[in-house]
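Chain residues, written in single-letter form:
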Amino acid sequence: MTQPWWKDAVVYQVYPLSFNDSNGDGIGDLPGIIEKLDYLKELGINVIWLSPIFRSPNDDNGYDVSDYQAIMAEFGTMADFDRLLAEAHARGIRILLDLVLNHTSDEHAWFQESRQSRDNPKSDWYIWRDGKAGGPPNNWESIFSGSAWRYYEDRDQYCLHLFSSKQPDLNWENQDVREALYTMIRWWLDKGVDGFRIDAITHIRKEQGFPDMPNPKGLEVVNATPMHRNVEGIQPYIADLGANTFAHYDIMTVGEAAGVSVDDAPNWVAPEQHKFNMLFQFEQIKLWGSDVDAALNLPALRDTLTRWQKGLEGQGWNALFVENHDIARVVSTWGNAEQYWRESATAIATMYFLMQGTPFIYQGQELGMTNFPFERLDQFDDVAVRNLAAEEMANGWTEADILEQIRNSARDNARTPMQWDSSPNGGFTSGTPWLAVNPNTEWLNAEQQRRDPNSVFAFYQQLIRLRAEHSSLVHGHYDLELPTHDQVYAYTRTGTDDRYLVLTNLSDEPADISACKVDLEAAERLLGNLDDNGQPSTLRPWEARVLRCAD
Ligand code: GLC
Ligand code: CA
């Protein structure tokens, strides 16, 4: 049986604002990405996921689209995009776009029309409701703080926005809306893009009747099924989307799936359905939480990833990831960025990269980029932080309190510019970067690591190569080893005639692994992030090894 190409792919997420600035305005752009394609080729990836590049006023960094069929002015032109696509394809690299279908910008022509009156042709393209008792229609809160409703005088009505007030939600109950989106999607597919990451897609259906929520604030943790996330009745919409678009092309699709449990996941990814190929699940993201320390909880991580590995085996396919533009840098949260920076970056890489699924690397992760040393609130750009800070200031919090709360978890940790070299702006721009470059670019940068055979970058190259050379590391069965070890995440991958053991010590202490069922003496060492010290049954702090089992 031939496997679809995206199972063997390795995806690299580019956050265009922060990747590479070609014209000195301080903002990354499409020509800047073209300049770095050879770097990506050298790393070994074969798919790029571009965070949104569409025309946008950038209230939420492109996740507020004002024209789906035009390029963000700061990023360049459609001709630049066509060139990027052609240059990537010429190198055997495919391109995924980031489809934002739950909402548009309030500056989109559809919204501009919709907001005019209660009876214009697009009046029902967004979610409009009358107020209640002089306030919004219900108590729903925006994921970016405050009420999820914004009042518009022209209609004397409120419009729903689950994200920022400049991101009104589209009304998916309206078939004209869906068809307009499908036409746009097919236009990109006919242009030759290779697939999509689909943004916030579990939010497209809302509980009809719009009742109050019991606990609008706690929706991330407390409400297993809040009224606008994976709501009953969403599947017909997902099926309709797939049938009218994805099903007709040989592409890759990955849905951002907050609120989908592993039991429900096959409804989203079972191969014969033509919905999505894989999901970014959030059970794993919740493990970072909004905890100040957000330290690694090994049993919870192991339990979550194993449930998804076993739950989707034969039912679908997993998207493997530890970073993206919405979460802090993994070496700073789960790793030890001080004492064991290189070791922990490479151990975490080994832990997730060789599971069953398609691995994703977020830009800079392949260098072990770290969180930014934020000291003041004005160093943040993210609308989620700005809204939260305003709300908390109004409640009497001090700047220090707020900083303490968000410093280690804020999304801007992942959004600082890519660190290309040791110059003050990291080689990202010749101008002033839109968000400050991490000062550690002095020693932590691509130029240095490309020359160093022991670098994090070199290790990612080896992981990619290893996965390409051993098909069972992609397709084989996953089984936990040492399932209750309190320092070590270990698993085997078993194919028809070969078996591998992945061993990672995710702690600052040495770990005894002699209880391992695999014959460690007889196994052949394929990769390690430390030298071979001839001690097969002990892992040093943050040591990772990949072995081929003898039996
Ligand atoms: C997704 C994106 C995030 C964005 C939000 C609203 O979660 O990953 O960056 O803010 O959707 O579009
Ligand atoms: Ca630029």
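Chains are numbered independently. Their residues run from 1 in the order of the written sequence. Working convention: letters from A go to chains and numbers from 1 go to ligands, in the order in which they are written. Since the coordinates come from a predicted model, pLDDT governs what is reported: local features require at least 70, and pairs of side-chain atoms require 80 or more to be given and counted, while whole-chain, interface and lining totals use all residues. In computing side-chain properties, one takes all heavy atoms of the structure into account and sets aside hydrogens as well as water.

Engineer: Explain the coordination of the calcium ion (ligand 2) to me, please; I cannot follow it from the model alone.
Structural biologist: Ideal values differ by geometry: the angle at a metal is 109.5 degrees with four tetrahedral donors, but 90 or 180 degrees with six octahedral donors. At this site the calcium ion (ligand 2) is bound by D21 (OD), N23 (OD1), D25 (OD), I27 (O) and D29 (OD), with donor distances of 2.3 Å. Sequence positions of the donors to the calcium ion (ligand 2) reduce to the motif D-x1-N-x1-D-x1-I-x1-D. A relative accessible area of 7% means that D21 is categorised as buried. Only N, O and S atoms count as donors, using a 2.8 Å limit from the metal and a wider 3.2 Å limit for Na, K and Ca, and since water is excluded some coordination spheres may look unfilled. Only protein chains enter the calculation, and the probe is 1.4 Å; a residue is then buried if its accessible area is under 20% of its type maximum, exposed if over 50%, and partly exposed in between.

Engineer: Sorry, what's going on with helix α11 (residues 341-353) here?
Structural biologist: Quick reminder: α-helices carry 3.6 residues per turn. Residues three or four places apart thus point the same way. Here a helix means four or more residues in a row that DSSP labels H or I, a strand means two or more in a row labelled E, and each is numbered from the N terminus. Expected span, for any helix, means 1.5 Å times one less than how many residues it has. Taking 1.5 Å of rise per residue, the 13 residues of α11 would be expected to cover 18 Å, and the 18 Å separating its terminal C-alpha atoms lies within 8% of that figure. Buried residues of α11: W341, E343, S344, A345, T346, A347, I348, A349, T350, M351, Y352 and F353, and no others.

Engineer: Help me understand the site of ligand 1, please; the structure alone is not making it clear to me.
Structural biologist: Whether a residue is near a molecule or strand is decided by its heavy atoms; if any one of them lies within 4 Å of it, the residue is near. Close to ligand 1 lie 13 residues, the nearest being D60, D199, E256, H325 and D326. Pairs of N or O atoms within 3.5 Å make up the polar contacts considered here, provided that, within protein, one atom can donate a hydrogen while the other can accept it, and that residues adjacent in sequence are counted only when both atoms are side-chain atoms. Measuring from an oxygen atom of ligand 1, one finds a side-chain N or O atom of D199 at 2.8 Å. Throughout, the Shrake-Rupley method with a 1.4 Å probe supplies accessible areas, and for residues the shown protein chains are the sole cover considered. Burial of ligand 1 by the surrounding chains reaches 95%, relative to a free accessible area of 300 Å². Of the residues in the shell around ligand 1, the class split is 3 nonpolar, 3 polar and 7 charged. Asp, Glu, Lys and Arg are counted as charged, while Ala, Val, Leu, Ile, Met, Phe, Trp, Tyr, Cys and Pro are counted as nonpolar; the rest, among them Gly, fall into the polar class.

Engineer: Help me out: how do you make sense of the state of the cysteines in this one?
Structural biologist: Simply put, the disulfide is a covalent bond whose two ends are the sulfur atoms of two cysteines. When two cysteine sulfur atoms are found within 2.5 Å, that pair is recorded as a disulfide. Throughout the structure, instances matching the rule amount to 0 disulfides. As a non-bridged cysteine, C516 has C549 as the owner of its nearest cysteine sulfur, 8.0 Å distant.

Engineer: Can you help me understand the side chain of S455 in this one?
Structural biologist: Its location among the elements puts S455 in the loop between α15 (446-451) and α16 (456-469). For S455, the side chain forms a polar contact with the main-chain nitrogen of A458, separated by 3.0 Å.

Engineer: I'm lost on unusual backbone geometry in this one. Help?
Structural biologist: The bulk of non-glycine residues show a negative phi, and the bulk of peptide bonds are trans. Within the chain, A133 stands out as a residue other than glycine whose phi angle is a positive 50°. Looking at the secondary structure, you find A133 in the loop between β6 (128-129) and β7 (149-152). Judged by its relative accessible area of 89%, A133 is exposed.

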